[in-house]
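Topology and contacts: notes
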Amino acid sequence: MKKRISLFLTAILLCLACAFPVWAGTENRLADQAVLLSADEQDALSASLDDISERGEVDVVIVTTDSLGGKTAQEYADDYFTDYGYGQGEDRDGILFLVDMGDRNWAIATHGYAIDAFTDAGQSYIMDQVKPYLSDGDYSEAFQTFALQCDDFIMQAESGKPYDVDNLPKEPFDVGANLLIAIGVGIVAGLLVTGNMRRKLKTVQKQEQAASYVRKGSMDVTKSNDFYLYRTVSRTAKPKEEEHSGGSTTHTSSSGDTFGGSSGKF
Amino acid sequence: MAKMQEFKCPCCGGSIEFDSSVQKMKCPYCDTEFDVKTLSEYAQSVEEEEPENMSWSDEAGGEWQEGESEGLRTYVCESCGGEIVSDANTAATACPFCGSPVVMTGNLSGALKPDYVIPFKLDKKAAKEKLKQHFTGKRLLPKAFKSENHISEVKGIYVPFWLYDTDANADIRYKGTKTRFWSDKDYDYTETSYYSIHRKGSIGFDHVPVDGSKSMENDLMESIEPFDFREAVDFQTAYLAGYFADKYDVTAEECIERANERIRRSTEDAFRDTVKGYSSVVPENTNIRLKNATTKYALYPVWVLQTRWKGENYIFAMNGQTGKFVGNLPTDKSAFARWFAGTTGIVTVIAYIILYLIWAL
């Protein structure tokens with residue numbers, strides 16, 4: 001009897017959940033199905049995802065899985081977003097980051113306002129930061145980085161000018177590469193300065209020509225003709241200008257919904 | 001019937017044929033097309049080239065008059081073999097080139113009498129002053145070299161020079177290119193036009209000097225050039241009083257090669273300067289003939305300062321006419337290391353800060 005009541009209650013709850021999609025916003029924003037994180041890491045990441053999502057009013061969701069069940073990573077991410085009813089507000093604003101351990105795929109699905117906030121260029125920038133951690137197997141750091149970047153992107157989008165092709169956030173200062181360049185410049189300068197000092201010590205050198213002994217006015221050019229022989233023309237193809245259109249490309253998911261997003265391997 | 005003339009392609013050197021389809025001469029090897037007129041002009045200018053010839057008539061130096069060389073003494077250095085000449089009143093004790101003692105070998109004999117001499121204009125004091133200046137402003141010069149330096153000998157020496165006068169006839173053909181760039185929507189174009197450039201003419205050189213003494217290094221003597229020949233006078237033994245003279249031990253014939261090199265280079269440079277407006281110019285055929293060449297034997301005034309430091313012999317020379325002072329100096333290795341490390345360090349830091357600022361802005 002008790003079992004029947006609980007079943008009934010569950011059914012009512014499910015109906016309510018469908019009727020009020022906003023309700024689903026409370027769904028856990030971290031679904032670590034592939035169990036890549038420890039319990040502590042899950043709690044910490046969950047907390048920061050909730051914090052970022054609530055402050056920015058855009059759901060930031062991270063999903064891991066061991067199998068895509070025959071879908072592409074992009075389809076899986078889109079469907080997961082729809083099926084679990086993520087997204088805040090009327091347009092169901094949200095971004096979902098999927099990591100598939102089965103084939104080492106990743107995918108990002110954006111919906112609603114997030115399509116504008118996370119442009120194609122912006123997503124590619126975020127993945128540039130996240131991918132090294134994924135490849136190294138440091139998933140906790142990868143997801144934390146993703147969350148922080150999302151926070152930054154959402155804030156930036158609120159200012160009315162989302163990060164895009166021509167205003168991506170700055171890459172961090174590369175200490176090693178810049179130090180190498182600086183040392184290179186230093187050595188060249190050192191060689192030039194000391195080379196110049198050394199040259200002053202050496203004053204004995206051959207005279208290669210006799211220009212100071214030319215009899216003044218003795219130069220007499222009796223024949224001077226220049227005639228054209230032939231010409232050659234070579235051409236090289238111009239490098240194609242890259243598209244700087246910016247913005248987001250969108251696609252339609254299996255449920256007929258419009259998503260932005262990108263996917264790849266790590 | 002017209003005479004068959006074979007043309008060589010100015011582009012690749014292959015034999016060229018008339019291509020009736022384009023009514024032009026076309027090279028079967030490199031596919032370059034030419035006007036018939038262009039080719040015949042080109043062939044004509046190539047044919048005109050004459051074989052190269054560089055030679056001098058040798059009439060340098062004169063015979064001593066009777067009794068003229070009697071008052072002159074020769075000394076020979078037992079260490080380096082240098083031979084010097086002085087008048088009977090100027091006793092030489094040390095070799096001006098290496099500092100070793102010299103011995104008198106007797107009266108001057110056999111050698112030719114110089115045609116000209118440029119008398120000393122600057123004295124020993126000026127030479128010592130110039131030496132001091134020579135040491136200043138040189139950060140890598142060992143301090144000890146400056147302070148411990150004792151110039152053992154400061155000698156005024158008349159150095160024997162062979163002087164070559166000549167007119168050079170040049171006949172030079174260059175290949176020049178002009179390039180033009182333009183682009184349309186998809187391509188960048190580079191057009192290279194090839195020209196045959198011909199220059200013919202003459203240029204005269206007066207008194208190109210070559211050091212005729214083995215004791216004096218050629219590069220040291222070339223370093224204190226030029227001497228102004230307008231101040232040269234006919235040689236008189238009286239000019240030797242108080243100075244030494246080096247006897248020539250390299251003949252005028254042996255020195256010609258060096259003068260040739262320099263005159264050739266200057267002639268090439270002078271004619272190359274008349275070719276203007278091209279993006280590249282390569283000489284294809286250079287022909288320089290020397291005419292009416294005469295050789296003279298002259299003594300030029302040189303102050304020679306010589307010192308030893310840490311087992312090395314350092315020799316300085318000053319042009320006794322113009323005061324040009326030269327001489328290689330030793331390098332202070334630790335000062336070199338300090339300057340190198342210091343400059344490298346400071347510039348590295350500055351460059352790093354600039355790179356950071358570029359990133360931050």
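As a reminder, the structure under discussion sits directly above these lines.
A brief structural summary. (Residues numbered from 1 in each chain as written. Chains lettered and ligands numbered in written order. Predicted model: local features only at pLDDT ≥ 70, side-chain atom pairs only at ≥ 80, totals over all residues. Heavy atoms only, no water.)

**Quick word on the side chain of S266(B)**
By secondary structure assignment, the location of S266(B) is in helix 5 (residues 252–272). Not counting residues within four places of it along the chain, the set of residues in contact with S266(B) comprises Q209(A), A210(A), A211(A) and F205(B). (Helix = DSSP H or I, 4+ residues; strand = E, 2+ residues; numbered from the N terminus. Contact = heavy atoms within 4.5 Å.)

**Examining the interface of chain A and chain B**
With 58 residues of chain A at the interface, the matching set in chain B holds 85 residues. Summing the contributions of chain A and of chain B, the shared interface buries around 6,500 Å²; its carbon and sulfur component is 59%. When the buried area of chain A at its contact with chain B is split by residue, L201(A), Y213(A) and Y230(A) rank highest and sum to 14% of it. If you look at where chain A meets chain B, you find four salt bridges. Across the pair D167(B) and R215(A) runs a salt bridge whose closest N-O atoms are separated by 3.1 Å. Here chain A and chain B share 33 residue pairs in polar contact (both at pLDDT 80 or more) between them. (Buried area = accessible area lost by both parts, 1.4 Å probe. Salt bridge = Lys/Arg side-chain N within 4 Å of Asp/Glu carboxyl O. Polar contact = N/O pair within 3.5 Å; in protein donor to acceptor, adjacent residues only side chain to side chain.)

**Section: the nonpolar core**
By size, the foremost hydrophobic cluster in this structure holds 56 residues, and its most contacted members are F145(B), Y164(B), L299(B), L305(B) and F316(B). Each residue touching L305(B), except ones within four places of it in the same chain, is listed here: A127(B), L131(B), I151(B), E153(B), V154(B), Y314(B), I315(B), F316(B) and F325(B). Grouped together as the second largest cluster of nonpolar side chains are 35 residues, L49(A), A114(A), V130(A) and F153(A) included. (Core = buried A, V, L, I, M, F, W, Y, C linked by side-chain atoms within 4.5 Å. Buried < 20%, exposed > 50% of the residue type's maximum accessible area, 1.4 Å probe, protein only.)

**Brief notes about the sheet that holds strand 3 (residues 94–100) of chain A**
All names here are of chain A. The strand order across the open sheet formed by six strands is 1-2-3-4-7-6, and the pairing between neighbours is mixed. On the outer flanks of this sheet lie strand 1 (30–32) and strand 6 (250–252), each paired with one strand and no other. Going from strand to strand, the sheet's axes swing by 25 degrees on average, the running direction of each strand aside. Pairing analysis gives seven bridges linking strand 2 (residues 59–65) to strand 3, with the strands arranged parallel. When the sheet's bridge partners are listed, D59 is paired in strand 3 with G94. Set on the sheet, helix 3 (residues 73–83) makes contact with strand 1, strand 2, strand 3, strand 4 (105–111), strand 6 and strand 7 (258–265); between it and strand 4 the angle comes to about 45 degrees. The strands that helix 5 (residues 120–136) touches are strand 3, strand 4 and strand 7; relative to strand 4, the one it contacts most, it runs at about 145 degrees. (Pairing = 2+ DSSP bridges. Axes fitted to C-alpha atoms, helices over the stretch in contact; angles between N-to-C directions.)

**Details of the packing of aromatic side chains**
What characterises a pair of aromatic rings is the spacing of the ring centres plus the angle enclosed by the ring planes. Taken as a whole and judged by the stated rule, the model has 37 aromatic pairs over all chains. Ring plane angle 85 degrees and centroid distance 5.0 Å describe the contact between Y116(B) and F229(B), whose orientation is recorded as edge-to-face. Remark: F229(B) occurs in the loop between helix 4 (218–223) and strand 11 (233–234) and Y116(B) occurs in strand 8 (residues 116–117); sequence separation between them is 113 residues. Take Y116(B): its relative accessible area is 22%, and that puts it in the partly exposed class. A residue is classified by how much of its surface remains accessible, and F229(B), at 16% relative accessible area, is buried. A centroid spacing of 5.1 Å and a plane angle of 85 degrees characterise the contact between Y248(B) and Y297(B), whose relative ring orientation is edge-to-face. Of this pair, Y248(B) sits in the loop between strand 12 (244–246) and helix 5 while Y297(B) sits in strand 13 (residues 280–309), and the two are 49 residues apart along the sequence. Accessibility classification places Y248(B) together with Y297(B) in one group, the buried group. Each residue in the set Y76(A), Y80(A), F81(A), Y84(A), Y86(A) and F259(A) is aromatic and connected to the rest through ring pairs, giving one cluster. Here the basic side chain of R198(A) rests over the ring of F336(B), its NZ or CZ set 4.5 Å away from the ring centre. Its guanidinium or amino end placed over the ring of Y187(B), R235(A) lies 3.8 Å from that ring's centre, counting from NZ or CZ. (Phe/Tyr/Trp six-rings, centres within 6.5 Å; stacked < 30°, edge-to-face > 60°. Lys NZ or Arg CZ within 6 Å of the ring centre and 35° of its normal.)

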